Amino acid sequence: MDVFGSFALLLSFVCAVYAFVGGIAAIRTRHPLLVKSTRQAGLATCGLIFLATFSLEYLFFSDNFSVAYVVAHSNHSLSPFYKVAALWSGQEGSLLFWSFLLAVYVFSALIAYRNKNGELMPYVGVVLAGVQIFFLTLNNFVASPFKALGVPGVNGAMNLVARGDGNGLNPLLQYPEMVIHPPNLYSGYTGFTIPFAFALGALLARYPGEKWIHLTRKWTMIAWGFQTAGILLGAHWAYAVLGWGGYWAWDPVENASLLPWLTGTAFLHSVMMQEKRGMMKVWNVWLVFSTFLLCILGTFLTRSGVVSSVHAFASSNIGSWFVGFIVVILLVCLAAYFKNRDYLKSENQLDSIVSRESSFLFNNLILLVSCVAVLSGTLFPVFSEWFTGDRISVGTPFFNKVNIPIGLLLLFLTGVGPLLAWRKTSLDSLKRNFGWPLLMGLVAGATAFPLGVRGFYSLICLILCIFVASTITMEFYRGAKVIRARSGASFLASAVDLTMRNTRRYGGYIVHMGMVLIFIGIAGTAFNRDVQKEMQIGSTMQIGPYSLLLQNIDNKQEKNYTAERMVIEVTRDNKPVMMLYPERRIFPANQASGTMVAIYSTLKQDLYVVYAGQSPDTQAPVIHVYLNPLVKCIWFGGVIVVLGTLVALLPNRRAVLVLSAVQEPTRVKSLAGTLTPSPTLREGHD
Amino acid sequence: MIKARKCFLMMLLCAAGSLPLLIAPLPAQQPSDRAHQIGGKFMCMCGCNQVLSQCNHVGCTVSTAMLKEVDQGLARGDSEDTITQAFVQEFGTKVYAEPPHSGFSLVAWSMPAVYLALGLVLVLLVINRWRKRPVHAVSSAAAADNSGISAEMLERARMRAARETQD
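What you see is a predicted model; the values in this text were computed from it and never measured.

Describing the overall build of chain B
- When its secondary structure is counted, chain B shows 7 helices and 0 strands.
- Beginning at the N terminus, the succession of helices and strands in chain B can be written as α-α-α-α-α-α-α.
- Among the 167 residues that make up chain B, the fraction classed as buried is 25%.
- Of the contacts formed within chain B by residues at least 6 apart in sequence, a portion of 40% connects residues at least 24 apart.

Re the overall build of chain A
- Secondary structure assignment for chain A yields 21 helices and 12 strands.
- The C-alpha atoms of chain A give 28 Å as radius of gyration, which agrees with the globular expectation for 686 residues (26 Å, within 12%).
- Principal-axis analysis of the C-alpha atoms places the extent of chain A at approximately 90 × 80 × 65 Å.
- For chain A, buried positions account for 51% of its 686 residues.
- By sequence separation, contacts in chain A at least 24 residues apart represent 70% of the contacts at least 6 residues apart.

Comments concerning the sheet that holds strand β3 (residues 529-534) of chain A
All names here are of chain A.
- With antiparallel pairing, 4 strands are arranged side by side in an open sheet as β3-β12-β11-β10. Single-partner strands in this sheet number two, and they are β3 and β10 (598-601). Sheet twist, expressed as the mean angle between neighbouring strand axes with direction ignored, is 15°.
- In terms of strand pairing, strand β11 (residues 605-614) meets strand β12 (residues 621-629) through 9 bridges, oriented antiparallel. Across the sheet, Tyr608 pairs through a bridge with Tyr626, a residue of β12.

As for the nonpolar core
Residue and element names in this part refer to chain A.
- With 204 residues, the main nonpolar core has Ala199, Leu200, Cys465, Val516 and Phe519 as its most contacted residues.
- The biggest single contributor to this core is helix α9 (residues 210-242), with 18 residues.
- Beyond its immediate stretch of four places on either side in the chain, Cys465 contacts Val516, Phe519 and Ile520.
- Counting residues in hydrophobic clusters, the runner-up holds 19 residues, among them Ile568, Leu580, Tyr608 and Ile623.

Some points on helix α10 (residues 252-277) of chain A
Residue and element names in this part refer to chain A.
- The first and last C-alpha atoms of α10 sit 38 Å apart over 26 residues, in line with the 38 Å expected at 1.5 Å per residue.
- Across the 26 residues that make up α10, a large majority, 22, are buried.
- Just beyond α10, the residue with positive phi is Gly278, at close to 65°.

Remarks on the environment of Val641 of chain A
All names here are of chain A.
- By the secondary structure assignment, Val641 is in helix α19 (residues 631-649).
- Spatially, the C-alpha atom of Val641 lies 6.7 Å from that of Met515, the residues being 126 residues apart in sequence.
- Dropping the residues within four chain positions of it, Val641 is found in contact with Thr228, Val511, Gly514 and Met515.

Topic: helix α5 (residues 105-132) of chain B
- With 28 residues, α5 of chain B should cover 40 Å at 1.5 Å per step; its first-to-last C-alpha distance of 41 Å lies within 8% of that length.
- Taken together, the buried positions of α5 of chain B are Ser105, Ala108, Pro112, Leu116 and Trp130 of chain B.

Focus on the packing of helix α2 (residues 32-61) of chain A against helix α5 (residues 91-112) of chain A
Residue and element names in this part refer to chain A.
- Viewed as axis vectors pointing N to C, α2 and α5 meet at an angle of 145°, and their least axial separation amounts to 9 Å. Here the hand of the crossing between α2 and α5 comes out left-handed. In this structure, α2 uses Arg39, Gly42, Leu43, Thr45, Cys46, Ile49, Phe50, Ala52, Thr53 and Leu56 to contact α5, whose residues at the interface are Gly93, Leu96, Ser99, Phe100, Ala103, Val106, Phe107 and Leu110.
- Its residues assigned to classes, the contact of α2 with α5 shows 12 nonpolar, 5 polar and 1 charged.

Section: the packing of helix α6 (residues 121-142) of chain A against helix α8 (residues 193-204) of chain A
All names here are of chain A.
- Close contact between α6 and α8 brings their axes to 8 Å; oriented N to C, the two are set at 130°. One way to sum up the angle between α6 and α8 is to call them oblique. For the pair α6 and α8, the crossing hand works out as right-handed. In this structure, α6 uses Tyr123, Val124, Val127, Leu128 and Val131 to contact α8, whose residues at the interface are Thr193, Ala197, Phe198, Leu200, Gly201 and Leu204.
- Along the lines of polarity and charge, the residues of the contact of α6 with α8 split into 9 nonpolar, 2 polar and no charged.

Some remarks on unusual backbone geometry
Residue and element names in this part refer to chain A.
- Unusually for a residue other than glycine, Asp63 sits at a positive phi of about 50°.
- Note on placement: Asp63 falls in the loop between α2 and α3 (68-73).
- A positive phi is found at Asp573, a non-glycine position, where the angle reads about 55°.
- When you line up the elements, Asp573 lands in the loop between β6 (562-572) and β7 (575-580).

Structural notes on the environment of Gly150 of chain A
All names here are of chain A.
- Summarising the element assignment, Gly150 is placed in strand β1 (residues 150-152).
- For Gly150, a count of 13 C-beta atoms within 10 Å gives the class partly exposed.
- Taking the C-alpha atoms as reference, Gly150 lies 8.0 Å from Ala68; in sequence the two are 82 residues apart.

Remarks on the confidence of the model for chain A
All names here are of chain A.
- Counting all residues, the mean pLDDT for chain A is 86, and 92% of those residues have values of 70 or more.
- Mean pLDDT per element in chain A: helix α21 (residues 668-675) is the minimum at 41, and α19 is the maximum at 95.
- Overall, residues 656-686 carries pLDDT values under 50, and its contacts beyond four positions in sequence, including any with other chains, amount to 25 contacts.

A closer look at the pairing of β12 of chain A
All names here are of chain A.
- With 8 of 9 residues buried, β12 lies mostly within the body of the structure.
- Examined bridge by bridge, β3 and β12 share 6 bridges and lie antiparallel to one another. Bridge pairing in β12 links Asp530 to Tyr626.
- The turn linking β11 back onto β12 is made up of 6 residues, and Gln619 within it adopts a positive phi angle of 65°.

Quick notes on the confidence of the model for chain B
All names here are of chain B.
- In this model, chain B carries an average pLDDT of 72, and 61% of its residues clear a pLDDT of 70 or more.
- Element-level pLDDT for chain B is lowest in helix α1 (residues 2-23), with a mean of 47, against a maximum mean of 89 in helix α4 (residues 80-91).
- Counting interchain partners and residues more than four positions distant, the pLDDT-below-50 stretch residues 15-29 has 4 contacts.
- Across residues 138-144 the pLDDT falls below 50, and counting only partners more than four positions away or on other chains, this stretch makes 15 contacts in the model.
- Here the predicted complex scores 0.85 on pTM and 0.76 on ipTM.

Focus: the environment of Glu92 of chain A
All names here are of chain A.
- Topologically, Glu92 is positioned in helix α5.
- For Glu92, a count of 24 C-beta atoms within 10 Å translates into the label buried.
- Separated by 55 residues in the primary sequence, Glu92 and Lys147 place their C-alpha atoms 9.7 Å from one another.
- In contact with Glu92, other than residues within four places in its own chain, are Tyr69, Ala143, Ser144 and Pro145.

Rules of the game
Residues numbered from 1 in each chain as written. Chains lettered and ligands numbered in written order. Predicted model: local features only at pLDDT ≥ 70, side-chain atom pairs only at ≥ 80, totals over all residues. Helix = DSSP H or I, 4+ residues; strand = E, 2+ residues; numbered from the N terminus. Buried ≥ 20, exposed ≤ 12 C-beta atoms within 10 Å, placed from the backbone. Contact = placed C-beta atoms within 7 Å. Rg over C-alpha atoms; globule rule 2.2 N^0.38 Å. Pairing = 2+ DSSP bridges. Axes fitted to C-alpha atoms, helices over the stretch in contact; angles between N-to-C directions. Core = buried A, V, L, I, M, F, W, Y, C linked by C-beta atoms within 7 Å. Expected span 1.5 Å × (residues − 1). Left-handed = near helix turned anticlockwise from the far one by under 90°. Nonpolar A, V, L, I, M, F, W, Y, C, P; charged D, E, K, R; others polar. Parallel < 35°, antiparallel > 145°, perpendicular 65-115°, else oblique. pLDDT = per-residue confidence, 0-100.

Below, the structure written as structure tokens:
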């Protein structure tokens, strides 16, 4: 099966090269057969990558320990669930997985547009094939996952061998979220290839900027949704597995995932300027180019060992390939832009500084500043070493100090932007839209201050969160009220109807509401507390309102690991709350250990208990307990963000569907009134 | 003389007997709050990439020793700067959890503000420029703005794109 997989990969490389070269020839000659055959080659490339990926999975499931990658990342007792995840647990497999997800997108795009956009698609196909060639080069010639296990023989030749069992999967990856976090994150990274290909293809085809925007909006949102989910799942994994009480450490790998997310978010906002007003076409093209380049740059950062990271494949020598690819892509983008930039002329005109357009400009500015600040902070150790010879670390405190004010500015714009009108917003409108929300925010701040929320940033964050949540709620309320008055439906049904009439706008509001919750959760970090104590059976420790009693220590024997487990009873006001079982796992296959945190989570706070190990002095178990307020808001907010993205992806329900229920001829006149869209509900007012 | 020798031997025996007490680890002392606070400015040098005061590895000899060093410095009356200098001497500049506010590191601190200021100036300039554009001039200006293609060519390209693509 390894030979089959290897051959499928090699054949997919050949097909991708044909799709690329043949695609260029097809664009030049416009020969229909050539166009068709290169498209088929694109589809065949994807099919062969699917086969190669399934081959590798088969090797994992059949415990084929003659393949080096399987030996390094699996063993007999690894559960089938984690054998799926073993695919992306090492460099070679994760690069193949990248190609696999890219192939899913490419296949979907080629099928979705098989009878559409006949002139544009060859350009898009060439760009997609170009990207696929790069990854397939890595898969085939640099980091093949199908390498057979061998030992050097007497004459220097490699003798193939097979091991009885493998080394097993990294314990940190043996956690359910690790089965869904990387696919989500990688789907985000690879998903941005589609808008990139359409943007570059449209530029090469000399299309004025409108069309590719319409074509790629959903693809961009899908990629963004996956990226968001991937980042949050990674944060949750770090929180639940790494056992340091936090969820975001500004590690270079985490930063690498955030960079394209920030530019992608900026793009999703600025694209509306182009759609509604024909503005910022050049900017949007470069935002998409940058987002794709940042996806590749992030991969370079985490695989080259340029920056140290606890997650990185630091020993890899693959970095130079990524640098080369980034340079090539950048040169192609620059060449395409300078050659055809006249076709991106924008109709930039602004009536007032207090307008939706301005708010989008500021929103893009803040997101881009945040992106560049994170990038320069991540790379600063490298720069400092180049310029001074000393490597200066840039850790969490720096990123927090820089990004918290930026984040708050962004939060403010989240509340303000959507309620400003296109072109110009009057003073009356400002008062009407922002009077109450501002008052509610200030009242919340005035209430929180005496209750102990004294930190400047925490207080500002709370005020802004209430402000933004109020503006969003009022938007839903106003719209639903109008529909309710006309249809007589319940308020909730009216709100749903409102959302379905303009899914993009109200889906966006739902996403914003999710972001507000995430900010509330992050603000809670300022009030984190922790206690660490050596404990004996029967001893107790106190944190906040909770008392923890170590009842027992037992051992657990599972198929793939053994665990030492603490049995801890949690009480509050002498009333039992629940039992918690933090444990430390030992994986015999690779002699590695891992932590399994126990969390009692409420909406208000998380009681986070870690069995940190035995004291080297007394051999007593050391229990580290954290009380982390409002963490649940982050995860809940994440779910809402993803739901909002899904809503925004739905097609709009036309207002006429509502009207069709009314059939009495005598009410024609009133119907005519309802057919005229109100300013609040007019279509396309995103 | 014999008595003196016996005393000496007894003292030697006591010293030998107490030696293991000196070698054996003393009960772990918790670092002070101040040490924890100062520890927030350094990285743990065990390679965990965590801030010193947040290193959660039980038995991490590096973070324990570093926090102890901070406590000892505080007990001697050393200032925070002196403790920092001692760590930099010992571990190099990679011990900083955040770049210091001096020398080349000022670049790291100033860059976000510079990005923001530059971006703000740029955005305001753009807004100002767009506001000055009269509405009627926009469409023609967009096309004929000293570019290589004419308005008609751009319109033709737009129509071609509309014709050749479907959402």
